[in-house]
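Examination of the molecular architecture
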Amino acid sequence: MGILEKISEIEKEIARTQKNKATEYHLGLLKAKLAKYRAQLLEPSKSASSKGEGFDVMKSGDARVALIGFPSVGKSTFLSLMTSTASEAASYEFTTLTCIPGVIEYKGANIQLLDLPGIIEGAAQGKGRGRQVIAVARTADVVIMMLDATKGEVQRSLLEKELESVGIRLNKHKPNIYFKPKKGGGISFNSTVMLTQCSEKLVQLILHEYKIFNAEVLFREDCSPDEFIDVIVGNRVYMPCLYVYNKIDQISMEEVDRLARKPNSVVISCGMKLNLDYLLEMLWEYLALTCIYTKKRGQRPDFTDAIILRKGASVEHVCHRIHRSLASQFKYALVWGTSTKYSPQRVGLTHTMEHEDVIQIVKK
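Residues numbered from 1 in each chain as written. Predicted model: local features only at pLDDT ≥ 70, side-chain atom pairs only at ≥ 80, totals over all residues. Heavy atoms only, no water.

1. Focus on the overall build of the protein chain
For the protein chain, the helix and strand inventory stands at 10 helices and 16 strands. Burial status across the protein chain gives 44% buried among its 364 residues. Nonlocal contacts in the protein chain, meaning residues at least 24 apart in sequence, comprise 65% of its contacts between residues at least 6 apart. Of the roughly 19500 Å² that the protein chain leaves accessible, carbon and sulfur atoms contribute 51%. (Helix = DSSP H or I, 4+ residues; strand = E, 2+ residues; numbered from the N terminus. Buried < 20%, exposed > 50% of the residue type's maximum accessible area, 1.4 Å probe, protein only. Contact = heavy atoms within 4.5 Å. Areas by Shrake-Rupley, 256 points an atom, 1.4 Å probe, with all protein chains shown as cover.)

2. A closer look at the nonpolar core
One finds Phe-78, Ile-144, Met-146 and Ile-268 to be the most contacted residues of the largest nonpolar core, which totals 65 residues. Per-element tally for this core: the top contributor is helix α9 (residues 276–287), with 8 residues. Excluding anything up to four places from it in sequence, Ile-268 contacts Phe-78, Met-146, Val-244, Tyr-245, Asn-246, Lys-247, Ile-248, Leu-274, Asn-275, Leu-276 and Leu-279. Phe-219, Cys-223, Phe-228 and Ile-232 belong to the second-largest nonpolar core, a separate cluster that totals 22 residues. (Core = buried A, V, L, I, M, F, W, Y, C linked by side-chain atoms within 4.5 Å.)

3. Here we look at the pairing of strand β2 (residues 100–106)
With 7 bridges connecting them, β2 and strand β3 (residues 109–115) associate as antiparallel partners. If you follow Glu-105 over to β3, its bridge partner there is Asn-110. In sequence, β2 turns back onto β3 through a hairpin of 2 residues, with Lys-107 there showing a positive phi of about 50°. (Pairing = 2+ DSSP bridges.)

4. Notes on the sheet that holds strand β7 (residues 187–191)
Read from one edge to the other, the open sheet built from 3 strands follows the order β6-β8-β7, with strand pairing classed as mixed. Here the strands that pair on one side only, and so sit at the sheet edges, are β6 (177–181) and β7. Direction aside, the axes of adjacent strands within the sheet are offset by 5° on average. Where β7 lies against strand β8 (residues 215–219), 5 bridges are found, and the strand directions are parallel. Residue pairing for β8: Ile-187 is matched across the bridge by Ala-215. Sheet strands touched by helix α6 (residues 200–209): β6, β7 and β8. Its angle to β7, the strand with the most contacts, is close to 135°. Those strands touched by helix α7 (residues 225–233) are β6 and β8, and its axis lies near 45° from that of β6. (Axes fitted to C-alpha atoms, helices over the stretch in contact; angles between N-to-C directions.)

5. Observations concerning helix α5 (residues 154–165)
End to end, α5 covers 17 Å across 12 residues, agreeing with the expected 16 Å (1.5 Å per residue, within 8%). Turning to α5, its buried residues number three or more, namely Gln-155, Arg-156, Leu-159, Glu-162, Leu-163 and Ser-165. Remark: Gly-167 follows α5 within two positions and exhibits a positive phi of approximately 85°. (Expected span 1.5 Å × (residues − 1).)

6. Re the sheet that holds strand β1 (residues 63–69)
Spatially, the 6 strands line up as an open sheet ordered β2-β3-β1-β4-β10-β11, and their pairing is mixed. At either margin of the open sheet sits one strand with a lone partner, and together these are β2 and β11 (265–267). Averaged over neighbouring strand pairs, the angle between their axes works out to 25° when direction is ignored. Pairing geometry for β1 and strand β4 (residues 142–148), over 5 bridges, is parallel.

7. Structural notes on the packing of helix α3 (residues 75–82) against α9
Taken N-terminus to C-terminus, the directions of α3 and α9 make an angle of 85°; their axes are 12 Å apart at the nearest point. Between α3 and α9, the angle falls in the class roughly perpendicular. Taking contact as the criterion, the partners of Phe-78, Leu-81 and Met-82 in α3 are, on α9, Leu-276, Leu-279 and Leu-280. Residues of the contact of α3 with α9, tallied by class, amount to 6 nonpolar, no polar and no charged. (Parallel < 35°, antiparallel > 145°, perpendicular 65-115°, else oblique. Nonpolar A, V, L, I, M, F, W, Y, C, P; charged D, E, K, R; others polar.)

Okay, structure coming up:
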């Protein structure tokens, strides 16, 4: 029996098992086995296969956004509209066969946008180059999931399922569980909150399935067995996702209103160029980038060339971005902007910068 058959057997077993107190240990074990087989499936085959064409694109710009969706939902049209790159778009499926990069220039930042080939059902098992597509998506900062508004909710649930099975968790945070394997001493289990979904026995069963018999486990929040398995495996990617419904010019206003009110969703039309500016605003919010402007002593700030950093970046990050030796020669900095109580404020390396702050660095 191959890995795919084993996976489908376990999935059927989970589907037909009732969920109650008596079966929770059995279900937990099955979920652990399922995660293990899926991890094996993602490992490259040991046999030396012929060298295929590379799929990944070199990272450039300040952030990376991947476009994921079924064939013919308007990914290439969207790329051509937002960037200066022309990606071939036609009325048949699989027009795009490799990864095509483009750059969006917005608020002084260069955002790399990757147009990936369409995903089909079963992509996680390698159908239609699905594995390569999903591997590129794992390296992105934000995923834009392009959906056809005329097809309803089917596409969204199928794509989410495909990404879940390869360890991409959309719009979720990392479970607050401390887990550390040890050399000896058995399994020490503790929790700082009341657990409703996991118990000590279930945790031990899952760990034994992974052949871990000595470990320290501390639950700091009420997590499910699935989330605990994610912590053990450790190769999960947690990333924000924006659900973009295209072709809204072909559906009723009531349907557009319903889709637009869903969480993390934006409705657009590439054909009629509707709502693209709002999508860019949302994308900027999800990327959580900040622009920092620099200033020389006795001169006006340079607003033409911004330093793009992640939200929550400190003065030390700004120093490293300018030059790696600057932080060691740093004396103090003067900051103008919303992160200070008064302008200019004299700050140290640990001061957190905010969007559109101006900084002047004084060396020793």
